[in-house]
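Each chain is listed here by its residues.
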Amino acid sequence: MNRTQWASVTAVVLALLFAGGAVTVASADRDKAPATPTAESADAGFARDMSVHHQQAVEMSFIVRDRTEDEEVRRLAYDIANTQANQRGMMLGWLDMWRLPKVQSGVEPMTWMGMGGMSAAEGAGEDGELMPGMATRAELEQLRKASGRDAEVLYLKLMTKHHKGGIHMAQGCVERCVPGVERDLAQGMVDGQQSEIKLMADMLKQRGA
């Protein structure tokens, strides 16, 4: 075998070895890649339940914007509505991407956190399907009827309770969800809502509540 032939054989062998290594690396990458969440996973459960939770925060924020002229409260309500509507869109988008239902019939809220049956225990069937911190139908109706300072105080109290429940749920995802963008979003919710709780406590003090 002359030098030219030997060089050709060597090049072929090296190419085959490189290809084999690339296949091995690609296979390893596939093994490391997280599987698509199942309908029963913490990832899917959090996305479903927090989407419902966020929707009520958006609803309450729009209600109070029509019930007060106070710019500080209206600005807070706008920020909460805008933030949580955007986050809700992200979570619903993930469910679409995972090809999972946005509503899972026959499954209690918070089952992914080991809290299934909670809403029935709280009597939610009589006054709305509750998750931690969510307002009842009666409380929402009370907010719709209030105005001025009364509406501001009630909104701040309801939203403080709502945020505390939301933080509890988001922390559950931080502890249970697969590392990645959803868990990062949940941690962002914890941090952001804790900050807003402090702000709302100051706003309640300013209103003598």
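For clarity, every value in this text was computed on a predicted model and none was experimentally measured. (Residues numbered from 1 in each chain as written. Predicted model: local features only at pLDDT ≥ 70, side-chain atom pairs only at ≥ 80, totals over all residues. Heavy atoms only, no water.)

One pass over the full model with this rule turns up one disulfide. The disulfide that involves Cys-173 links it to Cys-177, with 2.2 Å between the sulfurs. What sets the handedness of the Cys-173 and Cys-177 disulfide is the S-S torsion sign, and at about -120° it is left-handed. Assigned by exposure class, Cys-173 and Cys-177 land together as buried. (Disulfide = S-S within 2.5 Å. Buried < 20%, exposed > 50% of the residue type's maximum accessible area, 1.4 Å probe, protein only.)

Moving on: the packing of helix α2 (residues 42-67) against helix α3 (residues 71-97). Where α2 contacts α3, the axes come no closer than 8 Å and their chain directions differ by 155°. In terms of their interaxial angle, α2 and α3 are classed as roughly antiparallel. The interaxial crossing formed by α2 with α3 has left-handed handedness. Considering only residue class, the contact of α2 with α3 consists of 17 nonpolar, six polar and four charged. (Axes fitted to C-alpha atoms, helices over the stretch in contact; angles between N-to-C directions. Helix = DSSP H or I, 4+ residues; strand = E, 2+ residues; numbered from the N terminus. Parallel < 35°, antiparallel > 145°, perpendicular 65-115°, else oblique. Left-handed = near helix turned anticlockwise from the far one by under 90°. Nonpolar A, V, L, I, M, F, W, Y, C, P; charged D, E, K, R; others polar.)

The share of residues in the protein with pLDDT of 70 or more is 77%, and the mean pLDDT across the chain is 84. Scored below 50 in pLDDT, residues 2-33 makes two contacts in the model with residues more than four places away or belonging to other chains. Here residues 119-125 scores under 50 on pLDDT; set against residues more than four positions off or in separate chains, the count is nine contacts. (pLDDT = per-residue confidence, 0-100. Contact = heavy atoms within 4.5 Å.)

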